[in-house]
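As a plain string of letters, each chain reads:
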Amino acid sequence: MEEKMRRFRYITDDETKRDKFNELVDSKNLSREDLMLILTTIDLNFDIFPQDSLMKILGIQEL
């Protein structure tokens, strides 16, 4: 995974979120090109999510 992610940088220091992300990438067999397409095409609209709901959806404690 380390080699696969060299083109990207994490925006979080939360190891749990990083691990969950890496598991998702691996389980879906996402390529670097897939990640680039996703990250340059869409953004999360935080305005429609109350923060507590967003944290529950993402399965994290704090944003």
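Residues numbered from 1 in each chain as written. Predicted model: local features only at pLDDT ≥ 70, side-chain atom pairs only at ≥ 80, totals over all residues. Heavy atoms only, no water.

Asker: So, helix 1 (residues 15–27): which residues are in play, and what are the values?
Answerer: Its 13 residues give helix 1 an end-to-end C-alpha distance of 18 Å, which sits within 8% of 18 Å, the value for a rise of 1.5 Å per residue. Two to three positions downstream of the cap, the backbone nitrogen of T16 sits 2.8 Å from a side-chain oxygen, assigning the N-cap of helix 1 to D14. (Helix = DSSP H or I, 4+ residues; strand = E, 2+ residues; numbered from the N terminus. Expected span 1.5 Å × (residues − 1). Polar contact = N/O pair within 3.5 Å; in protein donor to acceptor, adjacent residues only side chain to side chain.)

Asker: Quick rundown of unusual backbone geometry? Include the residues and the values.
Answerer: The backbone phi angle of N29 is positive, close to 55 degrees, even though this residue is not glycine. Tracing the chain through its elements places N29 in the loop between helix 1 and helix 2 (32–41).

Asker: Please give an account of the environment of I60 that cites residues and values.
Answerer: Secondary-structure assignment places I60 in the segment after helix 3 (51–58). On the basis of relative accessible area, I60 is assigned to the buried category, the value being 12%. Once the C-alpha coordinates of I60 and D14 are considered, the two residues, 46 residues apart in sequence, prove to be 9.5 Å apart. In this structure, I60 is in contact with K17 and M55, ignoring residues within four places of it in sequence. (Buried < 20%, exposed > 50% of the residue type's maximum accessible area, 1.4 Å probe, protein only. Contact = heavy atoms within 4.5 Å.)

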